[in-house]
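Residues per chain are reported as follows:
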Amino acid sequence: MDVISNLGLGFSVALTIQNIAYCFIGTLLGTLIGVLPGIGPVTTVAMLLPISFTLPPESAMILLAGIYYGAQYGGSTTAILIPGEASSVVTTIDGHAMARQGRAGPALGIAALGSFFAGCAATLLIALAAPPLATIALQFGPAEYFSLMVCGLIAAVVLARGSLLKAIAMVVLGLLLGLVGTDMNSGARRFNFGMTGLADGIEFVAISMAIYGIAEVIYNLEQKQVADVVAGALGRVWPSFADVKQCAGSILRGTGLGAVLGVLPGGGALLASFAAYTVEKKVASAPRQFGNGDIRGVAAPESANNAGAQTSFIPMLTLGIPGNPTMAMMIGALMIHGIAPGPRVMTDRPGLFWWLIASMWLGNLMLVVLNLPMVGIWVRLLRVPYRLLYPAIIVFCCIGAYTINNKAFDVFVMSFFAIFGYVALKLDCEPAPLILGFVLGPMMEENLRRALLISRGDPIVFLQEPISLAFLVLAAGLLVVLAVPAIRVRREEALKE
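We now turn to the structure provided with this report. (Residues numbered from 1 in each chain as written. Predicted model: local features only at pLDDT ≥ 70, side-chain atom pairs only at ≥ 80, totals over all residues. Heavy atoms only, no water.)

**Quick word on a nonpolar patch on the surface**
Cut-off, in case you're wondering: Patches here are clusters of residues that have more than 30% relative accessible area and form no salt bridge, with a 9 Å joining cutoff for like charges and a 5 Å cutoff for nonpolar side chains (Val, Leu, Ile, Met, Phe, Trp, Tyr). Using a 1.4 Å probe, the Shrake-Rupley method yields the accessible areas, and only the shown protein chains count as cover for residues. Here, a salt bridge means any side-chain nitrogen of Lys or Arg that lies within 4 Å of a carboxyl oxygen of Asp or Glu. Strands are runs of DSSP state E lasting at least two residues, helices are runs of H or I lasting at least four, and both sets are numbered from the N terminus onward. Think of it in three bands: residues with accessible area under 20% of the maximum for their type are buried, residues over 50% are exposed, and the middle band is partly exposed, with areas taken using a 1.4 Å probe on protein chains only.
Taken together, the side chains of Ile-168, Val-172, Leu-176, Phe-191, Phe-193, Met-195 and Leu-479 define a hydrophobic patch exposed on the protein surface, amounting to about 670 Å² of accessible area. It is helix 8 (residues 164-178) that contributes the most residues to the nonpolar patch, three residues altogether. In this fold, Val-172 is placed in helix 8. Taking relative accessible area as the criterion, Val-172 reaches 42% and is therefore assigned partly exposed.

Pasting the structure below:
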C-alpha cells in the first residue's frame, strides 16, 4: 500500500504541466540523439548538465532521465535503417536485414512495442524493489559503503570492453583525479601542481563533456561516415498479430534478462541486448532465421536494452552507486543541486524519487507516440550529414563548462581532458571506468576515513563487518576468476563479438 500511495504522490506532481513539458522535451531530445548516428545519451546528458543547474532538481532529473531512455528507443531506428550503428549494434543484425527485405515498418514497430513493455515493466520493478533496497542500505556503515564501492568498480572493470589491464589503469586514474583539490580534513591542496584553479578540484561537468563530447567528436572525425540508409516506403509500421504472437516470448525473456543485467555496474543496456540475443538464438522455436531478418532478433535485444536502461537507476537511486557513465552524470546532476546520492534521497527527498518513477511511465508512453507516427521525420534526419553537428557540440561544451562556475579555467581543463580522451580512445582505453572512478573516488575516500576513524585506525574493521566482508570477497573472487587463462580468453572473445 505504501508503494501505491507513493506512486499516487509521484503522479500528482509528475502530471503537472511543467514536468510533463520537461518529460516531453527529454524524450524528444533522447529520441533525436538516439536517431542521429554517433551521438549518444552520455554526450547529450554531459552537454545539458549546465542547463539542468538552472532547473529545480526534480525537473532536471526528469529531463535527463527522459534523454537517457529516449536515446535507447531512438537508437533502434538508426540500427534498423543504417548498418553499423554502435549503440544498438545487436538490433542491426536482424533489423537491417528485415529493412532490406521491405519489412522495415514491422521491425520498427516491434522494437517500439517491445521497448514500451520492457520500460513499463522495469519501471514497476524499480518502484517495488527500490524501497526495500534503500531500507537495507540505510543500515550500511562507512565500512560497508567502502567495500560496496570497491566491488562496484571491480565489476565495472570486469564488464568493460577491451584490455583488463587498461580498464584497471583507467579506474585508478579516475580515483586519483577525483582526489584533486583541497583536503577537507587537513586543508592541504593535493595534486594541483600549484594551480589555484584546481583548489576546488576538477569540475565534473568539464571532464565529462571533454571525454564524452569533444574527444568523441575528434575521434569520429577520423571514422568513415556510412550513410547507407534504406530507401523506399516503410510500409505498415504496426506489426501484425502474427508478429506480436511470435515475439511475445522474446519480449518477456528480453525484459527479464535486461532488468537483471541492467543493475550490474558496467553492464547496463548494451550487455543486456547482447545477452538477450544470444539466449534467444538458443531457445527460440523453429523456424529460425537469426541473422537473416528474424523479427525475434529485434524484439529480444530491444526489450533487454530498454529494461536494462531503466533498472540501471536502481543502484544509483538506492545506493548512490553509478552503474554506467550516464548514471554517473545523473549523480553529478544531483551533486550540482547539493543533493547527496544514496538511500537517504528516498527518505529526505521522497518527491524527487517518486516523481522520477512516475515520469518514467509517462515518458515510455510519449516515446511510443514519438517513434511510430513520426518515424518518417526520423528517417529524414538520418540523411543529415553528421559533420554539420560537430561545431554545435563543441560550442555547447565550451559554453557549458564556463557557465557552471563562470571560470575560464574550466574551459582549459576541458580542453586538456579532451586531448587526453582522444588519446585514450586511440589507445583503446574505454573512458567509462575513469568516469566511474572519478565519481566514486571522493566518496570512497570519505567512507574509508570514517571507517578507520571509528575503528581507531584498525583496517580489520572491513573484515569484521559481515556485509563489508561479503563485498570484498566478491570483488576478490571476480579478480581471481579473471586470472584464470581460459575465462580471460572467453571474456575477451565475448566482448570482441
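**Examining the layout of surface pockets**
Defined as follows: Definitions used throughout: a 1 Å grid over protein atoms alone; a cavity as a set of points that fits a 1.4 Å probe which cannot get out; a pocket as an open set with protein on both sides within 12 Å along at least five of seven lines; a lining residue as one with an atom within 4 Å of a point. Grid points are joined across faces, edges and corners, and a volume is the space filled by probe spheres set on the points. All amino acids are sorted into three groups, where Ala, Val, Leu, Ile, Met, Phe, Trp, Tyr, Cys and Pro are nonpolar, Asp, Glu, Lys and Arg are charged, and the leftover types, Gly among them, are polar.
Taken as a whole, the second largest pocket spans an internal volume of roughly 980 Å³. Lining the second largest pocket are 34 residues, and of these Gly-178, Val-180, Met-184, Asp-200 and Pro-442 lie nearest its centre. Residue assignment for the lining of the second largest pocket shows that the elements contributing at least two residues are helix 8, strand 1 (181-182), helix 14 (325-336), helix 19 (408-426) and helix 20 (432-454). Here the element with the most residues in the lining of the second largest pocket is helix 20; it accounts for eight residues. Partitioning the lining of the second largest pocket into residue classes produces 16 nonpolar, eight polar and 10 charged.

**Some remarks on the pattern of salt bridges**
Summed over the entire model, instances satisfying the criterion amount to four salt bridges. Among the ionic pairs, Glu-445 bridges to Arg-190, the shortest N-O distance being 2.5 Å. Of this pair, Glu-445 sits in helix 20 while Arg-190 is found in strand 2 (residues 189-190), placing the two residues 255 residues apart along the sequence. Taking relative accessible area as the criterion, Arg-190 reaches 21% and is therefore assigned partly exposed.

**A closer look at the environment of Ala-111**
Put simply, the rule is: Every residue pair with non-hydrogen atoms within 4.5 Å of one another is taken to be in contact.
Looking at the secondary structure, you find Ala-111 in helix 6 (residues 104-137). Other than its neighbours up to four places away in sequence, Ala-111 contacts Ser-76, Ile-80, Val-298 and Glu-302.

**Remarks on empty space enclosed by the protein**
Going through the model one piece at a time under the given rule, you end up with four cavities of 30 Å³ or more. What lines the largest cavity is Met-61, Met-316, Leu-317, Leu-334, Pro-341, Gly-342, Val-345, Leu-352 and Leu-356. Residue assignment for the lining of the largest cavity shows that the elements contributing at least two residues are helix 13 (313-318) and helix 16 (350-371). For the lining of the largest cavity, the residue count by class is eight nonpolar, one polar and no charged.

**Things to note about the packing of aromatic side chains**
Basically, it comes down to this: Two aromatic rings from Phe, Tyr or Trp, using only the six-membered ring of Trp, form a pair when their centres are within 6.5 Å; if the ring planes differ by under 30 degrees the pair is stacked, by over 60 it is edge-to-face, and anything between is tilted.
Within the structure shown, the criterion is met by six aromatic pairs. Measuring from centroid to centroid gives 6.2 Å for Phe-140 and Phe-471, while their planes differ by 65°, and the two rings are edge-to-face. Note that Phe-140 is positioned in the loop between helix 6 and helix 7 (142-159) and Phe-471 in helix 22 (residues 466-483), a separation of 331 residues in sequence. Using a relative accessible area of 14% as the deciding quantity, one classes Phe-140 as buried. The buried category is assigned to Phe-471, whose relative accessible area is 18%.

**Description of the environment of Leu-63**
Along the polypeptide, Leu-63 turns up in helix 4 (residues 57-81). Residues Leu-63 and Gly-30 lie 33 residues apart in sequence; the distance between their C-alpha atoms is 9.5 Å. Those residues in contact with Leu-63, other than ones at most four positions away along the chain, are Tyr-22, Ile-25, Gly-26 and Leu-55.

**Details of the packing of helix 9 (residues 204-221) against helix 14**
A packed helix pair is summarised by two numbers, namely the angle formed by the two axes and the spacing between the axes. Stated formally: Simply put, an axis is a line fit to the C-alpha atoms, just over the touching stretch for a helix, and the angle between two N-to-C directions goes from 0 to 180 degrees. Roughly parallel covers angles under 35 degrees, roughly antiparallel covers those over 145, roughly perpendicular covers 65 to 115, and oblique covers all other angles. In this scheme the handedness of a crossing depends on how the near helix is turned from the far one: anticlockwise by less than a right angle means left-handed, clockwise means right-handed.
At a minimum axis separation of 11 Å, helix 9 and helix 14 run at an interaxial angle of 155°. As judged from the angle between their axes, helix 9 and helix 14 are roughly antiparallel. The handedness of the crossing between helix 9 and helix 14 is left-handed. Where helix 9 approaches helix 14, its residues Phe-204, Val-205, Ser-208 and Tyr-212 are matched on the opposing element by Pro-325, Ala-328, Met-329, Gly-332 and Ile-336. Of the residues contributing to the contact of helix 9 with helix 14, the split by class is seven nonpolar, two polar and no charged.

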